[in-house]
Amino acid sequence: MPSQSRPRIAVLPPELANQIAAGEVVERPASVVKELCENSIDAGARRIEVEIDRGGLGLIRVTDDGCGMTEEEAQLSLLRHATSKLHRIEDLLSLHSLGFRGEALPSIAAVSRFRLVTRTALDEGAVCLEVEGGRPCGPPRPASAPVGTQVEVRDLFYNVPARLKFMKGQATEIAHAAEAVLRLALAYPEVHLRLRSGTREVLDLPPHPDRMERAQAALRTRLREHTTLYAAAGEQDGIRVEAQLGAPSEATATPRNVFLLVNGRFVRDRSLLHAVVTGYGEQLPEGRYPLCVLHVTLPPGEVDVNVHPQKLEVRFQRPHEVYAAVRHTIGRTALAAPWILPQGPARVYHLGAAARAGEPVPSPYGEPRSGHGAQVSAPQIHPGVEHQLSPVVMEPDRRCPQPMLRFQVLSSEQSEPAPPRRFFSAMNYLGQFQRTYLVCEHEHDLVLIDQHAAHERLLFERLRAARADGSAPLRSQRLLLPVQLELEPAQAALVQEETETLARLGFELVPFGGRSFVLQAVPDVAAFGRGARTYQDPANLLQRVLDELSEHGRSETVQARIERVLATVACHSVVRAGDVLDEPKARALLSAMDEVDFVPHCPHGRPVLVRLSLAEIERRFGRT
């Protein structure tokens, strides 16, 4: 290689090195909010005010009542690797603070117009420092301020246009900032945290006496009305576990409602997440994640927090013991199942046109499975909506599209197509087991059919057939009483981004200011199957659809996205385990299943039926 083209090793200019380091620490405005609030908590603050503008790209202002800094300390805080948390290498093995690297303030100042005002209790006045793009704007100057620290970050990434173009819309960035504040609020219930965006208050969480009360208050928008959290606590091998658990009916398709806190630090850890899900056991549907705030406390020397630039990952010295402690603690509470009341008398639901006003309708909240369930009183039916609660489910309906046709190549001798296949309708129906499984006899086999999975597959195929061309949206059914919803920031941003998709699926949402929306119409599933549950709890259906769009919507094709949502609509709208089917309705379901292309599992992957051959049964009874 010629000498003139050989790459030369050189020390990076300080400005470039600072911007590269800032890229590791400052991913988006929410990263700034997180780092500044963590510094405030480390400084002993009991009140933290966060103000943002333009999603945090225009302004982030964090004000606290912590111990503050002297003028000398304030100047040092803007130098890389200057920190009050570490003094020797042994301190790294027993960290009791959230920050420790001394990178936050200089990294933030390197990519913004930065202003710091701080004062200690011993100083008569405050000191103010200003930095622009990592360069001081002048010497420190006196200022007037109470004890504590205020940091202003303006025009974030103004000097890093490559990073700026990757930022999302304001609603999305506000949602990320709100999530950062919420995580800290759950970890530190004694701290008053407040977040404002412009003139709008996003979060206001005053101090709470304990973690349970803070979780109940902070997550109130994620809990259904009249629901609560349940406490779990335990200690195993010196590892203390405390959790606030939501009922399985609060589960979502994404782990967005699982908050993992290790020694007061929010982390992402697959092992801990798996331990939480495993602790719930079979009470949690497959592929769903509970609402859970998990606090794990262990000696600082047994956890390494210095493995991720943003301190979002940790390593445990005893990972298997931590996993077991979490799983056993949550498992003990789940085994007692505080969210399940003693089983009441069976309720029979009429699913066809014979349903009348005043008859019990199934509750959407945690239908009982395998004989274990809650006695939930039937919601009140508003006058004038009886017709919404009695659509035909498996009986013929004039509004229902024709069954999917099967075409067959005919020979020249044939003039009539072959008769339609009869598999399910040809079965000998024996009865219902545990209000969940249809017991049938087919030739020499015993067949058990999961009534929910079978009906879900039936409705999904009908919905998919109706959208075969993909051009026309699903029909909507307007609600007699529109539902006003207060969505989380992330969900409100998602609704704005997916307005067209939701409209094509039959949802009609009207903005009502801020994060409020009015749900005026839902998909008209009555034309394809039973729609009583959809009309009874339309908000829950929308929440599940938003979960699916949040988890998969941006990473799949439009058709795959639509089919995932159709599967969610189908799952939400059909009979459930615990619903009593009389013989005519059970037979109607079996007959309707012959009208669609049979797939041996529901859209979410659960099997529709299990077949036990006569030979297998005889073998088990020792007759072979």
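Anyway, here's the lowdown on the structure attached to this text. Everything numeric here is computed off the predicted structure, so don't read it as measured data.

1. Describing the packing of helix α2 (residues 29–42) against helix α6 (residues 170–187)
When two helices pack together, their arrangement is given by the angle between the helix axes and the distance between those axes. Put simply, α2 and α6 touch, their axes get as near as 8 Å, and they point 25° apart. On the basis of the axis angle, α2 is roughly parallel to α6. Note that α2 runs across α6; the crossing there is right-handed. Taken together, the residues of α6 that come into contact with α2 (itself represented by Pro29, Ala30, Val33, Lys34, Cys37, Glu38 and Ile41) are Glu173, His176, Ala177, Ala180, Val181 and Leu184. Considered class by class, the residues forming the contact of α2 with α6 number nine nonpolar, one polar and three charged.

2. Digging into unusual backbone geometry
Even without a glycine there, the phi angle at Arg54 is positive, about 55°. You will see that Arg435, though not glycine, has its phi angle at about 50°, which is positive. Its place among the elements puts Arg435 in the loop between β17 (428–433) and β18 (437–442).

3. Digging into the pairing of strand β7 (residues 148–154)
Along β7, five of the seven residues are buried, which leaves the element largely enclosed by surrounding structure. Summarising the sheet, strand β2 (residues 59–64) and β7 pair through six bridges and their orientation is antiparallel. Looking across to β7, one finds that Ile60 is bridged to Val153. Two elements, strand β3 (residues 113–119) and β7, share seven bridges in a ladder whose sense is antiparallel. Following the sheet pairing, Arg119 is matched in β7 by Gly148.

4. Topic: the sheet that holds strand β21 (residues 508–511)
With antiparallel pairing, three strands are arranged side by side in an open sheet as β20-β22-β21. Two strands close off the open sheet at either side, each with one partner strand: β20 (476–486) and β21. Neighbouring strand axes in the sheet, compared pairwise and without regard to direction, differ in orientation by 20° on average. Relative to strand β22 (residues 516–523), β21 runs antiparallel, the two being bridged by four bridges. Pairing of Leu509 across the sheet is with Leu519, part of β22.

5. Some words on the packing of aromatic side chains
If you walk through the whole model with that rule in mind, you get one aromatic pair. Between Phe423 and Phe424, the aromatic rings sit 4.9 Å apart at their centres with planes inclined by 85°, giving edge-to-face as the arrangement. A relative accessible area of 1% places Phe424 in the buried class.

6. A few points about the layout of surface pockets
Of the volumes computed, that of the second largest pocket is approximately 1500 Å³. Lining the second largest pocket we find 43 residues, and of these His176, Glu179, Arg183, Arg256 and Arg268 sit closest to its centre. For the lining of the second largest pocket, the secondary-structure elements that each account for two or more residues are α2, α6, β12 (258–262), β13 (265–267), α8 (270–280), α11 (489–497) and α14 (538–552). Looking at which element gives the most residues to the lining of the second largest pocket, the answer is α6, with six residues. Its residues assigned to classes, the lining of the second largest pocket comprises 18 nonpolar, eight polar and 17 charged.

7. Details of the sheet that holds β13
Pairing within the open sheet is mixed, and its five strands lie in the order β10-β11-β14-β12-β13. Each of the sheet's edge strands pairs with one partner strand only, and the pair in question is β10 (230–236) and β13. Taking the axes of each pair of neighbouring strands and ignoring which way they run, one obtains an average angle of 20° across the sheet. Along the sheet, helix α7 (residues 211–218) makes contact with β10, β11 (239–245) and β14 (292–297), crossing β11 at roughly 35°.

Reading guide: rules and limits
Residues numbered from 1 in each chain as written. Predicted model: local features only at pLDDT ≥ 70, side-chain atom pairs only at ≥ 80, totals over all residues. Heavy atoms only, no water. Axes fitted to C-alpha atoms, helices over the stretch in contact; angles between N-to-C directions. Helix = DSSP H or I, 4+ residues; strand = E, 2+ residues; numbered from the N terminus. Parallel < 35°, antiparallel > 145°, perpendicular 65-115°, else oblique. Left-handed = near helix turned anticlockwise from the far one by under 90°. Contact = heavy atoms within 4.5 Å. Nonpolar A, V, L, I, M, F, W, Y, C, P; charged D, E, K, R; others polar. Buried < 20%, exposed > 50% of the residue type's maximum accessible area, 1.4 Å probe, protein only. Pairing = 2+ DSSP bridges. Phe/Tyr/Trp six-rings, centres within 6.5 Å; stacked < 30°, edge-to-face > 60°. 1 Å grid on protein atoms, 1.4 Å probe; cavity = no way out; pocket = protein on both sides within 12 Å on 5 of 7 lines; lining within 4 Å. Points joined across faces, edges and corners; volume = space filled by probe spheres on them.

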